[in-house]
Every structure is written in structure tokens, then in C-alpha cells.
Amino acid sequence: MKKNRSLFISFILLLLAGTILSACKAEKEESQEPDDNFNAEGYPIVDEPITLEMMGQSSPLQPEWGEMGFFEVMNEMTNINFNFRTSTSDQFQQQKQLAFTSMELPDLFFGGMFTAAEEVDYGSQGLLIPLEGLIEDYAPNLNAIMQKFPDLKASITAPDGHIYTLPGIDNLSHSMTPLMWMNSYWLENLGIERPTTTEEFYDLLKAFKEGDANQNGEADEIPLTATNVAELRYSLLPAFGVNQSDGIMEDNGEVKYAFIEDGYKEYLKYLNRLYKDGLLDQQIFSHTWEQYVAKGAANQAGVFPTWPIVMVGFSDVTEAAKYPLLPALTSEFSPEPVVTQFSEIKRGRAAITSENEHPEATMRWLDYMYSQEGSILARLGVEGENWEWTDGEGSYWRLLAPEGMNTTQANAQDAPGAGTAVPMVIDKEFFLKEDNPTIHTIAGWVEEEYLPYADVPFPQVYLTLEEQQEVNTLKPDLDSYLEQMEAKFVAGEVSIDEDWDEYVKTMKDLGADRLAEINQAAYDRWAEAK
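Residues numbered from 1 in each chain as written. Predicted model: local features only at pLDDT ≥ 70, side-chain atom pairs only at ≥ 80, totals over all residues. Heavy atoms only, no water.

Comments concerning the overall build of the chain
Helix and strand content of the chain: 21 helices and 15 strands. In terms of principal-axis extent, the alpha carbons of the chain reach across some 90 × 70 × 40 Å. Looking at the chain as a whole, 50% of its 530 residues qualify as buried. Look at the contacts in the chain between residues 6 or more apart in sequence, and 76% of them connect residues 24 or more apart. For the chain, the computed accessible surface area is about 24800 Å², with 48% contributed by carbon and sulfur atoms. Both charge centroids of the chain, one from 35 positive and one from 90 negative side chains, sit 8 Å from each other. (Helix = DSSP H or I, 4+ residues; strand = E, 2+ residues; numbered from the N terminus. Buried < 20%, exposed > 50% of the residue type's maximum accessible area, 1.4 Å probe, protein only. Contact = heavy atoms within 4.5 Å. Areas by Shrake-Rupley, 256 points an atom, 1.4 Å probe, with all protein chains shown as cover. Lys, Arg positive; Asp, Glu negative; His and termini not counted. Charge placed at Lys NZ, Arg CZ, Asp CG, Glu CD.)

A word on empty space enclosed by the protein
In this structure the tally under the stated criterion is 1 cavity of 30 Å³ or more. Quantified by volume, the largest cavity comes out at close to 100 Å³. Here the lining of the largest cavity is composed, by residue class, of 12 nonpolar, 2 polar and no charged. (1 Å grid on protein atoms, 1.4 Å probe; cavity = no way out; pocket = protein on both sides within 12 Å on 5 of 7 lines; lining within 4 Å. Points joined across faces, edges and corners; volume = space filled by probe spheres on them. Nonpolar A, V, L, I, M, F, W, Y, C, P; charged D, E, K, R; others polar.)

Description of the nonpolar core
Formed by 79 residues in total, the largest nonpolar core has its most connected members in Phe 201, Leu 224, Leu 232, Tyr 257 and Tyr 503. If sequence neighbours within four positions are ignored, Tyr 503 has contacts with Phe 259, Ile 260, Tyr 264, Tyr 481, Leu 482, Met 485 and Phe 489. Ile 45, Phe 114, Leu 131 and Met 146 belong to the second-largest nonpolar core, a separate cluster that totals 70 residues. (Core = buried A, V, L, I, M, F, W, Y, C linked by side-chain atoms within 4.5 Å.)

Some details on the packing of aromatic side chains
Here the structure, examined in full by the defined rule, presents 47 aromatic pairs. A centroid spacing of 5.0 Å and a plane angle of 70° characterise the contact between Phe 82 and Trp 365, whose relative ring orientation is edge-to-face. On the criterion of sequence distance, the pair formed by Phe 82 in strand β2 (residues 80-87) and Trp 365 in helix α14 (residues 359-367) is long-range, its members being 283 residues apart. Over the ring of Tyr 202 we find Arg 273, and its NZ or CZ is 3.8 Å from the ring centre. The ring of Tyr 43 has Arg 364 sitting right over it, with the charged end atom 5.1 Å from the ring centre. (Phe/Tyr/Trp six-rings, centres within 6.5 Å; stacked < 30°, edge-to-face > 60°. Lys NZ or Arg CZ within 6 Å of the ring centre and 35° of its normal.)

What to know about the sheet that holds β2
Ordered in space as β2-β1-β3-β11-β4-β14, the 6 strands form an open sheet in which the pairing is mixed. At either end of the open sheet lies a strand with only one pairing partner, and these are β2 and β14 (425-426). Bridge analysis of strand β1 (residues 50-57) against β2 gives 8 bridges, and the strand direction is parallel. Paired with Thr 51 across the two strands is Asn 81, which belongs to β2. Strand contacts of helix α3 (residues 89-101): β1, β2 and β3 (108-110), with the helix running at about 125° to β1, the strand carrying the most contacts. (Pairing = 2+ DSSP bridges. Axes fitted to C-alpha atoms, helices over the stretch in contact; angles between N-to-C directions.)

Considerations on the environment of Gly 374
Relative to the helices and strands, Gly 374 resides in helix α15 (residues 372-380). The exposure class assigned to Gly 374 is buried, which follows from its relative accessible area of 0%. Sequence separation of Gly 374 and Ala 321 is 53 residues, and the distance between their C-alpha atoms is 30 Å. Once you skip the residues sitting within four places of it in the chain, Gly 374 turns out to touch Tyr 368 and Met 369.

Brief notes about the pattern of salt bridges
Oppositely charged side chains may form a pair once their charged atoms are brought near each other. For the structure on display, the rule yields 20 salt bridges. Between Glu 118 and Lys 96 there is a salt bridge whose closest N-O contact spans 2.9 Å. Residue Glu 118 is found in helix α4 (residues 116-124), and its partner Lys 96 is found in helix α3; the two are separated by 22 residues along the sequence. Side by side, Glu 118 and Lys 96 carry an identical accessibility label, which is buried. Notably, a salt bridge pairs Asp 246 with Lys 475, separated by 3.1 Å at the nearest N-O pair. Here Lys 475 lies in helix α19 (residues 465-491) and Asp 246 lies in the loop between α10 (233-236) and β7 (248-251), a separation of 229 residues in the sequence. Residues participating in the shared-partner salt-bridge network are Lys 148, Asp 427 and Glu 429. (Salt bridge = Lys/Arg side-chain N within 4 Å of Asp/Glu carboxyl O.)

Structural notes on the sheet that holds strand β6 (residues 222-224)
Hydrogen bonds between backbone atoms are what pair the strands of a sheet, whose relative direction is either parallel or antiparallel. In spatial order, the strands read β5-β9-β6; together these 3 strands make up an open sheet with mixed pairing. Every other strand in the sheet has two partners, leaving β5 (181-182) and β6 as the edge strands with one partner each. Where β6 meets strand β9 (residues 301-304), 2 bridges bridge the pair, whose relative direction is parallel. Along β9, the bridge assignment pairs Leu 224 with Val 303.

Quick notes on a negative patch on the surface
A contiguous patch of negative charge, built from Glu 64, Glu 67, Glu 72 and Glu 385, is present on the exposed surface. Here Glu 67 is to be found in the loop between β1 and α2 (69-78). (Patch = residues over 30% accessible without salt bridge, like charges linked within 9 Å, V, L, I, M, F, W, Y side chains within 5 Å.)

Here we look at the side chain of Ser 184
Relative to the helices and strands, Ser 184 is located in helix α8 (residues 184-190). In terms of polar contacts, Ser 184 uses its side chain to reach the backbone carbonyl oxygen of Lys 322, at 2.5 Å. If we ignore the near neighbours within four places in the chain, the residues touching Ser 184 are Lys 322 and Pro 324. (Polar contact = N/O pair within 3.5 Å; in protein donor to acceptor, adjacent residues only side chain to side chain.)

What about α15?
Those residues of α15 not exposed but buried are Gly 374, Ser 375, Ile 376, Leu 377, Ala 378 and Leu 380. Looking at the buried positions of α15, the neighbouring elements they touch are α2, β12 (387-389), β13 (397-399), α16 (407-414), β14 and α17 (428-431). Gly 381, located one to two residues past α15, shows a positive phi value of around 100°.

Below, the structure written as C-alpha cells:
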């Protein structure tokens, strides 16, 4: 009897709980209905101004976001204003994680740099809201882009069927691969041809160091540099047979963790050789962004991965043609050239959080980025101030810059897309109309020298929630140990030959093999669904 009474009471409690949850859900759905201040079509988006909080990753070239012409135009057109929480790449990831752990979320992430892992994690917790309903109702421009790029919707839909972040699209050839630049003045000064193998590259860097390549009479040349040592993986690691994305690679259907492969070991030996012989920047583990680009401005850098107009800082855009690409290198470990290819779909650029009381208005604001006018405003800035048509027919356009600035610096003053990965569509239809022969020259270099050897190392997949939770426990320790040991191996603080086996064992103990297994399952699902 007591057992039956307990079952009955439990049943009543479950019914009450279900009723309460349903009521809460209904109340939340009702509270998300747009108010009379919101306009589903036309502009302004809201009749009376509203103010939201935006968080994003800024660029060192940019001013405070509130000073940008882009936001001034958008505010005037939409009646949506913003308070900003921005930080540069060195600090943004930490600030973003802190926002979620402290539950001090902004209304909107713009230039949010979300990984697939973060999308699933924060989305499943309800901290990022599902966007597919808002897209259907309030995002005609994004819907049109999804029609134009048929793989887009599937690529941004998480395993639970929800879309938690908005993407960017970039199908320009010079955005499809990592780029590594060479100082042609140094090549000409020493009469050296561009290398095709890793050994030829070593010889070239040695000549740069010992031959007074910049001809100033001082031994101040830095043959090879980058913002940090990890950045070199993009362009140099494929030459050793390892083409990876965030440590994951696929070889004939088999998924592997790249940073315990023999090719990675040989890559580390090569970098250690460069570092020991003074051919790799001795400050690569410590310099700031400002210190790094100052080396380019002082004509001390021979080979580097940062666009020359930023690294060297010239005003004449045609000067960029003096910095050819480092060819795709081969080695005894990889006899055929391989270049890492990026997807034209750039996930994780914007998200609306659970703190946002105006999701419909925010979606309409974001959707403007997917119109041609919105993408131009986000990437180029204000017409007549940052760029202009060079003819009366809309056939060609050019960037503008005041005296004392180059076009990249000037562009970044008003366009967040110049330096920040924001949602926008960089499409050949418009952006190849730039009246800049040099950019077309660079695109031609990429199409001729890189794209024939380009290969996507791993498809854009989503993990299940359970898989993602496990990865979230594995990745931090793996990444931390990798960063620590990569620096020690390259700097020669530990011996690669003597300590490699212990390094691999530790990586496996930390879950390297399990990480590969999880991604194998995701890859198999992706391959089956193709």
C-alpha cells in the first residue's frame, strides 16, 4: 500500500514538474515575441533606439569600435547602438571564456571566433541561442546566400539540428590557403632563386643571414620570422608530409593526431636546426605584435606569413608585388608539394546569447552583413571615405587612404572586417573588381603556385554533445603540453631524438589517440552523409 502511495505521489510530482517546465517554456517563448518597437522589414529596425552589448576580437590596426564609420552608419540606419567589449587576439580567447564562466555574457558576439567545440558546448547549455528560426523569419539575405552556397546550411548546423553561430564566406583564391611571403629585394641583392625544397630553403635563409641581404652593412637580418612558432605549421609542416587542422589529419580515411606523427618530429628537427643556426627569429617565443611588425618596417625580415602591406608598412600598394610567395616546398619525407586548403565557409563568426532581449532585431542587424552592401560596408568601410568607384559604371573600385597611411591601415579605421573575422560575404563577383593590379597578381600567384597542390586536411565536422564534452576535457591538456614541448624542442632545451618517445607517450596518456578516435567517428558520419 505504501509502495502504491509513493508511486502515486511520484507520478503527481512528475506531472507538476512537467506543467511548470511547460509554463516556463511558454513564458520564455512569449517573452521572445518582438514588441511593437520592432520592424520586421525596412529600416530602421527599431523605431526607438536600443542599446546592446557587443563582444569581439579586435585588430591592433583598429581604433575603438565605437569610432568606426561602419558602426556609425549601421547605428543611423537601424537605430541599434552598442556598448563594446573588445580585445586583441592575445587576450580575446581568455576574455571570451571568462564571459561564459562568469555568466557575464554580452548580447552579441561579433567576430566571436567560435570553434565547433564551443558552439556545441555553449549551445547545448543554452548560453548561445538557436538561430535557425530567426534566420527563416528575419534573415532574407542569409537565406539567399544559403541558396547560392548549397553546403552552407549543413556546414553550420550542429548535431542537435540547431544553428548557434553565423558564418562568413570567402571564395577569393588568396584566402583559400596560408600565404608565406619572401623579400624579393633580398633575393635580387644576393642573386638567389626561390627555393623548392626544404634544403634549398635552408640554404637561402643562411645566405640571407650571412650575405648582408638588406645591404645596410650590419648583421641584423632575420631570415625567417612569424608572430609565434605555431604559425609556421601552416606553411612549413606540409613539406614534411603532415597536412593538419588543429592537430587532426586524415589519410585515406584514417584519422590521426598529427603532432605525434614522424613527419612532425622531422619538422621539429628542421625548425630546431634553423633556430640553432640563427635563421629563425630568436625572439619568436616572446615578441609582441608591435615588435614583430617593426622588424618588417626596418627591412630586417626575409620570409614571413603576414601580408607585406602590414608587415612592411608601405603606402604604395603596388609595392606588394615585390614580395613573392614562398613556393610549396618538398622534402625527402614528402616528395610532392602539398598546401593546406581552407574552406570557403568560415564558421563561428557571430552569435546571439541568452542575455539578448532583442534577438529578432539583432538577427536583422546581422543579416545586413549578408547583403552585398552590408559586406562591402563591413570589409571596406564607407563609400567615398574608405573606397570609391573609379568609373561611372560600377566596373572597378579602389581603396582610399589619407596621407601617412597605407590602404590597409586606413581601411581598418572604419571597417571591422579589415582585421576581424566578422560575418560577411567576400565574393569574387564584387571583390575582384578592385582596381589594383597587384592584388590580381597575387591571386594569380596563388592560383598557379598553391591551389594545384591544395588539399583540405580535414572536413568541417561537428561532434555529438557527448563527444564534445570528452574533447573539452582532453584538448586543454594536450594543447598546453604541445605548446610547451614544441617551444622546448625548437629552442633545443630538450633533445628531439632522446625525448621524442617520452613526449609521444605523454601525449597518448593525455588522450591523443582518443582524440583521433572521436574525430574518426565524426569523419565516418560525415563521409556516410556525403
